[in-house]
Amino acid sequence: MVPTSKRPRLPVVAVTGAASGIGRAFLAKVASSADFRRVVAIDEQRGDVSDVTWRVLDVRDPLLANRISDIDVLVHLAGDYALDAEPAERRAYNLRAAQTVLTASAAARVRRVVLVTSAMVYGAAEDNPVPLPEDSAVAAEPDTGIVGDHLEIEALVRRSLRSHPGLEVTVIRPAAVVGPGIDSVVTRHFEAPRLLSVKGCSPRWQFCHVDDLVSGLELAALGVVSGVVAVGSEGWLEQEQVEELSGLRRFELPAGLTFGTAQRLHRLGITPAPATDLHYVVYPWVVDCASLREAGWKPTWSNEASLTQLLELREGKHAVVGRRLSGKEATLTAAGATVAVLGTAAIVRAARKKRRV
C-alpha cells in the first residue's frame, strides 16, 4: 500500500495592532482564510473581528513572549505613525514595540516575523531610477519624521537577524499607502489647493492601496515571499496625469526656497513633518514589486483608481505643507490661491498672533 502524503500543517498567525487600521484590515482577511489553522489578535483593547483569539496586552510588554509561545508567524502592525504625534514619543513607542516583538518572537521560537516599514527608506531623489529595484540601497536621510522611524526599525531588524539567526524576518516596503483612514505626508499633499512641485523636476506617482498591502502581507505571512518585499500598484503616473485626474494645478518653486522655508516652519513647530518629507511629493520613489510579481501576485488597485479614492477621501480637508488647516485658515489659503511654502506666511502670522493672546 502506497502511503498517502500528509497535508502540511497550517500555521498559526498572530497580528499586533489588530483592533484598528491596517492591523484590523489584515486580521479580517486572515480570519476568513483557509490557509491558517488559527488566528490570534493582539492589541491593547479588544476589536470587533470575530472568529479569532483575542489577547489584550501592550505589545511593548516583555511578557509578550509568554503570550505567543503557540504562534508560528507574527505580523507586526502595531505602530504610531500619526503626523501630529510628538516625534520623540512616537519614535520611542515604535522602536520599543518593534524591539519587543523581535526579541519575544525569538524567545518564543516563532518561526517568522513580518514587519511593515515603507518604500520611503529608499529615499526620494531627482536621479532615482524609475522604478527602483527592491535591492536598491537604503538612501533616505535620517530625520525626526516617520521616515526616520522606519530606518531605525529596519536597523533593529538587521541586528536581530545577526542576534537570532533562527528567526526569519520579512520586511514589507509599501509605496504611498492610500485607503480609508490613511493620513500621511502624501495624502495631505492632495488636500492642498495646488500641488507643490520643484522647478526642473517631475515626480512619478505610485500608490499602494490598503487592500493590496493586506494581500501582500498574507503572502509574506505564508512564506511565499521573504526578505525585503516592495508592494504597490503597477507602474506609475506622470505629474501631468495626476493633474488631469485631480483637477489640481501645480505650483512650482525653486528647491532651495521650498525646502529651506519648510524646514524653518518645522523648527517653529508650525508644520508636523521635517522638510525632508517634502522630497516624497516632489521627487520619484517608484518601486519594482519583483518578489510579489514573481510569486504570481497582482495588485487589484491601479494607480488611477487609488488616486481617485484618495481624492474622494480628502473632501472637506485642507492642508498646507502637511499641516491641517482650520476652517478660517483654509479659506484664507484657498482665497489667496497659494499653496505649500507661499501659503505658510498666513499660517505663521496666525500662529504668532495666537501665541501672543
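Scroll up to find the structure this text is about.
Here is a short report on the structure shown in this document. Please read all numbers here as calculations on a predicted model, not as lab measurements.

## Looking at the pattern of salt bridges
For the structure shown, the criterion picks out 18 salt bridges. Between E243 and R250 there is a salt bridge whose closest N-O contact spans 2.7 Å. Here E243 falls in the buried class, since its relative accessible area comes to 18%.

## Remarks on helix α11 (residues 303-313)
When we look at burial in α11, the residues that qualify are N303, S306, L307, Q309, L310 and L311. Those residues of α11 hidden inside the fold are in contact with β7 (176-178), α5 (185-189), β9 (204-205), β10 (207-209), β12 (237-238) and α7 (239-246).

## Details of the sheet that holds strand β2 (residues 38-43)
Spatial ordering of the open sheet is given by β3-β2-β1-β4-β5-β6-β11, a layout of 7 strands whose pairing is parallel. What marks the edges here is a single partner per strand, and that holds for β3 (53-56) and β11 (228-231). The mean inter-strand angle of the sheet, taken between neighbouring strand axes irrespective of direction, is 20°. Looking at chain direction, strand β4 (residues 73-76) and strand β5 (residues 112-116) are connected through 4 bridges and run parallel. Paired with H76 across the bridge in β5 is L115. Contacts between helix α1 (residues 21-31) and the sheet are confined to β1 (12-16), β2, β3 and β4, with β1 contributing the most and set at about 160° to the helix. Against the sheet, helix α6 (residues 210-221) makes contact with β4, β5, β6 (168-174) and β11, and its axis sits at roughly 160° relative to β5, the strand it touches most.

## A short note on the packing of α7 against α11
At their nearest, the axes of α7 and α11 sit 10 Å apart, and the two run at 45° to each other. As judged from the angle between their axes, α7 and α11 are oblique. Crossing of α7 against α11: the hand is right-handed. From α7, V242, L245 and S246 reach across to α11, where they touch E304, L307 and L311. Class assignment for the residues of the contact of α7 with α11 results in 4 nonpolar, 1 polar and 1 charged.

## A closer look at the pairing of strand β13 (residues 250-253)
Burial along β13 is one-sided: F251 and L253 are buried, while R250 and E252, pointing the other way, are not. Judged from the 4 bridges that link them, strand β8 (residues 195-198) and β13 form a sheet pairing that is parallel. The residue bridging V198 from the neighbouring strand is L253, located in β13.

Rules used in this analysis
Residues numbered from 1 in each chain as written. Predicted model: local features only at pLDDT ≥ 70, side-chain atom pairs only at ≥ 80, totals over all residues. Heavy atoms only, no water. Salt bridge = Lys/Arg side-chain N within 4 Å of Asp/Glu carboxyl O. Buried < 20%, exposed > 50% of the residue type's maximum accessible area, 1.4 Å probe, protein only. Helix = DSSP H or I, 4+ residues; strand = E, 2+ residues; numbered from the N terminus. Contact = heavy atoms within 4.5 Å. Pairing = 2+ DSSP bridges. Axes fitted to C-alpha atoms, helices over the stretch in contact; angles between N-to-C directions. Parallel < 35°, antiparallel > 145°, perpendicular 65-115°, else oblique. Left-handed = near helix turned anticlockwise from the far one by under 90°. Nonpolar A, V, L, I, M, F, W, Y, C, P; charged D, E, K, R; others polar.

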